[in-house]
Amino acid sequence: MDQPNLNLRVAVIGAGTMGIGIAQVAAAAGHQVQLFDIAASAARQALGALAQRLRQRVAAGKADATTTEALLARIQPAESLNSLADSGLVIEAVAEKLAIKQSLFRDLEALCSPATLFASNTSSLSITAIAGALQHPQRLAGLHFFNPAPLMKLVEIVSGLDTSAETVATLQRLTRQWGKQSVLCRSTPGFIVNRVARPFYAEALRALEEQVADAATLDAVIRDAGGFAMGPMQLTDMIGQDINYAVTESVFQAFFQDPRFTPSLVQQELVAAGRLGRKSGRGFYRYGDHQPPVAAVLPASTAALPRSITLHGDAAGIALLSKLLSGNAQSIKQSGQTSAYARIDEVTLMLTNGKTASQVADETATPVVLFDLSADYSQATSVAISCAAQNDARHNATIVRLLQSLGKKVIALPDYPGLLVMRTLAMLANEALDVVNKGVASAEDTDHAMRYGVNYPRGPLEWGTSLGWQHILTTLENLQLYYGEPRYRPMPLLRHYASLSSGAQP
């Protein structure tokens, strides 16, 4: 790694959680940092709280005392904006109000050297609009850190219409020296992460509105079966329901009320009631002394194990089924068909494709059980299924017994189209492809953003390529047909990749 330019003085404006976190990152890399806040005592209070946290780590044997004290000594509170005049880089992390940011950078431009770079940590405002207040907008870019800034690896470097290539290159080099994974994107609503991540929350919130299951069970499907680090309701409680709702509302309005970003009425009600999550003691869950709710998992089945298991379909589909069934098939019959399935005795078991199990049962004239997607079936502790209304109880029991014999907890959802993980991944991948198609970011940076910014188990584009774009397209087309809504419309680049060979990737 190239060495940081320690002569570069860094100023951070705003002493809230993000501001002090960014200051810590810069100081840890060896820079002299000035921290300014419009509230006179805020910078000193933030530094005091940081010192207490870091010294507690030293006391616990988790950090070196000398290194910690040197870091703290490199951050100094600034008494006025004028004292930032000799800064080489100024990063603002103030209130998300366009007029405030524009006024701040206008004042800084009058104070600082023409060589000073300006960066905004905004998560939702247009970098082009912020830079519009400057006489030299080429010196300003977005530098969007994720909370907590010292721990989260991702930084989005956002270019406005006039941001210069030199500004971007300098910020790339600097964030790399700070140990961060930077991604480049154009200034569009939500940038990469806050735009592409909307379906992760939206599909689970829709399932909750439609009474598919309670919050704990839906979270378990996404987390324990799907492979994500946290469930959507669990995560929004941690973020703050008000913050998550505001981001969704902002993206929805910025995209001219496109239905694919429609906010949730359930979440709106939580915000209206002041149930903001962990910080208020109650959101989707209660906190404090309350026992966390438990996901609805099926009890151990006493049914007999199936007599025969045969896998049908193309090689990719059979490989996926084999991962779920841990190689327990007695025979394999390959064909060119795209919908792979397992015939377990007389029951058809297949990965959901956006249709209900009952629809598939009508089409195949067999009992049908659908299972949901997982990032890694071998590591998942649970699997989610839905059963056709036409099935006998013994058909369902056979599948449950088989899956439980493979060490999986089984979560039975109602006959819900696309279950939950599959429809979520389909929407994530669809949005990610639109980001690439519109030139907002590269495919590689889009996947990196979702891996490092929100800890997804796989980048949505890598995952879509692995699963097969035709399956993603079919899932969305079936959901669009089922709901009759443009929310699930496939993006042009998805149709393009689905029309190519299975190995096509963005």
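In this text the structure is predicted, and so the values were computed from the model without any measurement.

Peer 1: What exactly am I supposed to notice about the packing of aromatic side chains here?
Peer 2: Evaluated as defined, the whole model comprises twelve aromatic pairs. Measuring from ring centre to ring centre gives 5.9 Å for F228 and W463, while their planes differ by 40°; the resulting arrangement is tilted. Of this pair, F228 sits in the loop between α9 (215–225) and α10 (232–239) while W463 sits in helix α18 (residues 460–467), and the two are 235 residues apart along the sequence. Accessibility classification places F228 together with W463 in one group, the buried group. Put simply, the rings of F200, Y201, F228, Y456 and W463 touch in pairs and so form one group of aromatic residues.

Peer 1: What is the right way to look at the packing of helix α17 (residues 443–454) against α18 in this model?
Peer 2: Think of two packed helices as two axes; the pair is described by the angle between the axes and how far apart they sit. One way to put it is that α17 packs onto α18 with a least axis distance of 7 Å and a crossing angle of 110°. In terms of their interaxial angle, α17 and α18 are classed as roughly perpendicular. Only P460, L461 and E462 of α18 make contact with α17, whose side of the interface consists of A443, T446, D447, M450 and R451. In terms of residue class, the contact of α17 with α18 is built from four nonpolar, one polar and three charged.

Peer 1: I would appreciate a short explanation of the layout of surface pockets in the present structure.
Peer 2: Within this model, the largest pocket holds a volume of roughly 1200 Å³. Around the largest pocket, the lining is made up of 39 residues, and of these M18, F146, N147, I239 and I243 lie nearest the centre. Where the lining of the largest pocket is concerned, the elements lending two or more residues are α1 (17–28), β6 (140–145), α7 (193–196), α8 (198–209), α10, α11 (241–254) and α17. In terms of residues, the lining of the largest pocket owes the most to one element, α11, which gives five residues. When its residues are assigned to classes, the lining of the largest pocket shows 21 nonpolar, 14 polar and four charged.

Peer 1: Explain the pattern of salt bridges to me, please; I cannot follow it from the model alone.
Peer 2: Any two side chains of opposite charge can pair if their charged atoms end up close together. On inspection of all chains with the given rule, the structure shows 25 salt bridges. Taking the shortest distance from any N to any O, the salt bridge between E431 and R195 comes out at 2.8 Å. Here the residue E431 occupies a position in helix α16 (residues 421–437), and R195 occupies one in helix α7, the gap between them amounting to 236 residues. Each of the salt bridges in this network shares a partner with another, and the network as a whole consists of R195, D258, R260, E431, D434, K438 and R489.

Peer 1: I keep staring at the pairing of strand β7 (residues 154–159) and nothing clicks. Help me out?
Peer 2: Within a regular strand, the side chains alternate between the two sheet faces. Taken across its six residues, β7 has five buried, putting it largely inside the fold. Across six bridges, the pairing between β7 and strand β8 (residues 181–186) is parallel. When the bridges of β8 are listed, I157 appears paired with L184.

Peer 1: What should I look at first to understand the environment of K153 in this one?
Peer 2: With respect to the helices, strands and loops of the structure, K153 is situated in the loop between β6 and β7. Here K153 is in contact with G179, K180, Q181 and Y452, once residues within four sequence places are set aside. A distance of 3.3 Å separates the side chain of K153 from the backbone oxygen of G179, its partner in a polar contact.

Peer 1: Explain empty space enclosed by the protein to me, please; I cannot follow it from the model alone.
Peer 2: In this approach the atoms are scanned with a rolling probe the size of a water molecule, which exposes any empty space left behind. Per the counting criterion, the structure on display carries one cavity of 30 Å³ or more. Estimated volume of the largest cavity: approximately 40 Å³. Lining the largest cavity are R195, R198, P199, R260, F261, M427, N430, E431 and M491. Going through the elements one at a time, α8 and α16 are the ones with two or more residues in the lining of the largest cavity. Residue classes in the lining of the largest cavity are distributed as four nonpolar, one polar and four charged.

Peer 1: Would you take a moment to explain the nonpolar core for this structure?
Peer 2: The nonpolar side chains of a soluble globular protein tend to be buried with one another. In terms of nonpolar packing, the biggest core is built from 111 residues, with L108, L349, F371, L373 and W469 touching the most fellow members. Of the residues forming this core, the biggest block, ten residues, is contributed by α16. Of all hydrophobic cores here, the second largest spans 38 residues; its members include I22, L35, A141 and L171.

Peer 1: For this particular structure, what's the right way to read the sheet that holds β8?
Peer 2: Within the open sheet, the eight strands sit side by side as β3-β2-β1-β4-β5-β6-β7-β8. Their pairing is mixed. Of all strands in the sheet, those with a lone pairing partner are β3 (75–77) and β8, marking the two edges. The sheet shows a mean angle of 25° between the axes of neighbouring strands, direction not considered. As judged from the three bridges shared by strand β2 (residues 33–36) and β3, these two strands associate in the parallel manner. In the strand pairing of β3, V33 is matched with I75. Of the strands in this sheet, β1 (10–13), β4 (89–92), β5 (117–120) and β6 touch helix α4 (residues 98–111), which is tilted by about 165° from β5.

Peer 1: How should I be thinking about the side chain of T465 in this particular structure?
Peer 2: On the secondary structure map, T465 appears in helix α18. For T465, the side chain forms a polar contact with the side chain of W469, separated by 3.5 Å.

Peer 1: Help me understand the environment of F118 in this model?
Peer 2: Relative to the assigned elements, F118 resides in strand β5. For F118, a relative accessible area of 0% translates into the label buried. Between the alpha carbons of F118 and L143 there is a distance of 9.2 Å; along the sequence they are 25 residues apart. Every residue in contact with F118, bar those within four places of it in the chain, is listed here: V90, F105, L108, E109, C112, L134, R139, L140 and A141.

Peer 1: Help me understand the UniProt feature "domain: 3-hydroxyacyl-CoA dehydrogenase NAD binding" (unreviewed entry) in the protein chain in this model?
Peer 2: Residues given the UniProt feature "domain: 3-hydroxyacyl-CoA dehydrogenase NAD binding" (unreviewed entry) here are residues 10–186. Counted over residues 10–186, helix gives 40% and strand 21%. Its end C-alpha atoms are 24 Å apart.

Peer 1: Where do I start with the side chain of R139 in this structure?
Peer 2: Relative to the helices and strands, R139 resides in the loop between α5 (127–131) and β6. Here the side chain of R139 touches T116 through a polar contact of 3.0 Å, landing on its backbone oxygen. Every residue in contact with R139, bar those within four places of it in the chain, is listed here: E109, C112, S113, P114, A115, T116, L117, F118, L134 and T167.

Analysis parameters
- Residues numbered from 1 in each chain as written.
- Predicted model: local features only at pLDDT ≥ 70, side-chain atom pairs only at ≥ 80, totals over all residues.
- Heavy atoms only, no water.
- Phe/Tyr/Trp six-rings, centres within 6.5 Å; stacked < 30°, edge-to-face > 60°.
- Helix = DSSP H or I, 4+ residues; strand = E, 2+ residues; numbered from the N terminus.
- Buried < 20%, exposed > 50% of the residue type's maximum accessible area, 1.4 Å probe, protein only.
- Axes fitted to C-alpha atoms, helices over the stretch in contact; angles between N-to-C directions.
- Parallel < 35°, antiparallel > 145°, perpendicular 65-115°, else oblique.
- Contact = heavy atoms within 4.5 Å.
- Nonpolar A, V, L, I, M, F, W, Y, C, P; charged D, E, K, R; others polar.
- 1 Å grid on protein atoms, 1.4 Å probe; cavity = no way out; pocket = protein on both sides within 12 Å on 5 of 7 lines; lining within 4 Å.
- Points joined across faces, edges and corners; volume = space filled by probe spheres on them.
- Salt bridge = Lys/Arg side-chain N within 4 Å of Asp/Glu carboxyl O.
- Pairing = 2+ DSSP bridges.
- Polar contact = N/O pair within 3.5 Å; in protein donor to acceptor, adjacent residues only side chain to side chain.
- Core = buried A, V, L, I, M, F, W, Y, C linked by side-chain atoms within 4.5 Å.
- UniProt positions renumbered as here; feature names shortened; annotations may be inferred.

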